[in-house]
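Analysis of the macromolecular model
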Amino acid sequence: MALPDSQLYAALIDALPDPILVVTGFEPGDLTGRRYILANTAARELLRINADEGLLLSAVRDPVVLETVDKALFDETDAEGAYETSGAQSKSLKVRGRFLGFGRDGARLALLTLHDETEVRRVERTRVDFLANASHELRTPLASLSGFIETLRGHARDDATARDRFLGIMQAQADRMARLIADLTSLSRIELDEHIPPRGVVDLGLVVGEVVEAAAPLGAQRRVKLEWKSCGKDTHPVLVRGERDQIVQVAQNLIDNAIKYSPDGAAVRIEMQSGLTDLGAAASPEGTPRLSLVAPDPSSETYAVLRVADQGPGIARQNLPRLSERFYRVDGQKSGARSGTGLGLAIVKHIMNRHRGGLVVASAEGEGSTFTAYFPLAGVPESKA
Ligand SMILES: Nc1ncnc2c1ncn2[C@@H]1O[C@H](COP(=O)(O)OP(=O)(O)OP(=O)(O)O)[C@@H](O)[C@H]1O
Ligand SMILES: [Mg+2]
């Protein structure tokens, strides 16, 4: 049955996603006389009020809102302001007031709309932090380059030994900047595509095998043994849904970290396993604190895992949640041979998100670290070709 117009309008206002109130008032400055005579569902939920009419002060007390109401009611102009709600889950809200006219009782009427901008503010803050961090990371090698250029032009001008040494350092700093820019570009590209599921099918064993092979020289240089074990690698391929280059990046970053943070003579164990359903049990070793940095998609029930275990210094429990933040590095690992940009695990996290996979870290100080990446198995294997 068709709704009469009046009911249709009421239903429409109630269904609007933004909170809306109609406020009335007779006298400027008479705050206690302000009433709301309509509040849609969104407004009632936000302001935690039950009735759709009542005293305005019983619904909102924020001075910005009250000022906006009065401007709209008595200056008859559009007014707006911004305020934050208090409490544990504080929200950033934008408030707008607009004069509507006069009611039957001669009261002035204004429309008050509230718009939740919490998410926008959060994204803005992240962007500002990100830019600040990125510039800071670039400034350090840049300052060092400038310093050496000055030295080479000055007192080291005719000193061949010093010149060679300084040029070596300058090369390393320039390489570092290039790596940082490459990582930043890669990260923003991955984030941009994060909502588009990968379409390819990848043989995980093959890819990991290649990455292990490519990492061998670094392992040898750091005197770290790489032990690569894959259950079923030689018998049948383990096919996962994904994009090859990105899966390479995941394996590379995890293996690179394991080597980088291992002491001389230690071993890094790289394993692959297929057909896992119980994710908790898969993240060995037993009893070590563990944390899920990316929670796997509950709808895809079988996974292949890549597990990289090292005998390095391990990571204290309180640092585990921050590992995949951009630029985060555990204190004390910020310089020397172990230096990095702190972007590796952020990249891994976004790739695993995109792959609807999971990432679990198990680690304790002095007991090494184990990173486990879960990839959803490709449902229908494509032809081997
Ligand atoms: N296997 C590991 N053992 C101990 N600490 C680790 C390990 N992997 C990561 N970490 C810690 O987590 C931090 C972040 O790792 P991430 O890979 O994101 O950055 P990075 O290795 O410092 O730099 P990048 O990978 O960008 O060159 C590292 O700085 C290190 O403190
Ligand atoms: Mg790294």
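Every value quoted in this text rests on a predicted model; they were computed, and no experiment measured them. (Residues numbered from 1 in each chain as written. Chains lettered and ligands numbered in written order. Predicted model: local features only at pLDDT ≥ 70, side-chain atom pairs only at ≥ 80, totals over all residues.)

A closer look at the sheet that holds strand β2 (residues 35-39)
Spatially, six strands are ordered β3-β2-β1-β6-β5-β4 in an open sheet, and the strand pairing comes out antiparallel. Only two strands of the sheet have a single neighbouring strand rather than two, namely β3 (54-55) and β4 (79-84). (Pairing = 2+ DSSP bridges. Helix = DSSP H or I, 4+ residues; strand = E, 2+ residues; numbered from the N terminus.)

Thoughts on the site of ligand 1
By nearness alone, 22 residues border ligand 1, and R329, V330, G340, G344 and L345 come closest of all. Residues that form the shell around ligand 1 fall into these classes: ten nonpolar, nine polar and three charged. (Near = placed C-beta within 6 Å. Nonpolar A, V, L, I, M, F, W, Y, C, P; charged D, E, K, R; others polar.)

Looking at the pairing of strand β14 (residues 369-376)
Taken across its eight residues, β14 has eight buried, putting it largely inside the fold. With burial as the criterion, each face of β14 is covered, one bearing S369, F371, A373 and F375 and the other bearing T370, T372, Y374 and P376. Where strand β12 (residues 303-309) lies against β14, seven bridges are found, and the strand directions are antiparallel. Among the inter-strand pairings, R307 is bridged to a residue of β14, identified as T372. Sheet analysis places strand β13 (residues 358-363) next to β14, joined by six bridges and oriented antiparallel. Within β14, the position partnered with L359 by the bridge is A373. (Buried ≥ 20, exposed ≤ 12 C-beta atoms within 10 Å, placed from the backbone.)

Describing the sheet that holds β14
Each strand in a sheet pairs with another by means of backbone hydrogen bonds, the pair being arranged parallel or else antiparallel. A sheet is described by the order of its strands in space; here six strands give the open sequence β8-β10-β12-β14-β13-β11, paired in mixed fashion. Two strands close off the open sheet at either side, each with one partner strand: β8 (225-230) and β11 (290-294). Across the sheet, the mean angle from the axis of one strand to that of its neighbour is 15°, orientation sign disregarded. (Axes fitted to C-alpha atoms, helices over the stretch in contact; angles between N-to-C directions.)

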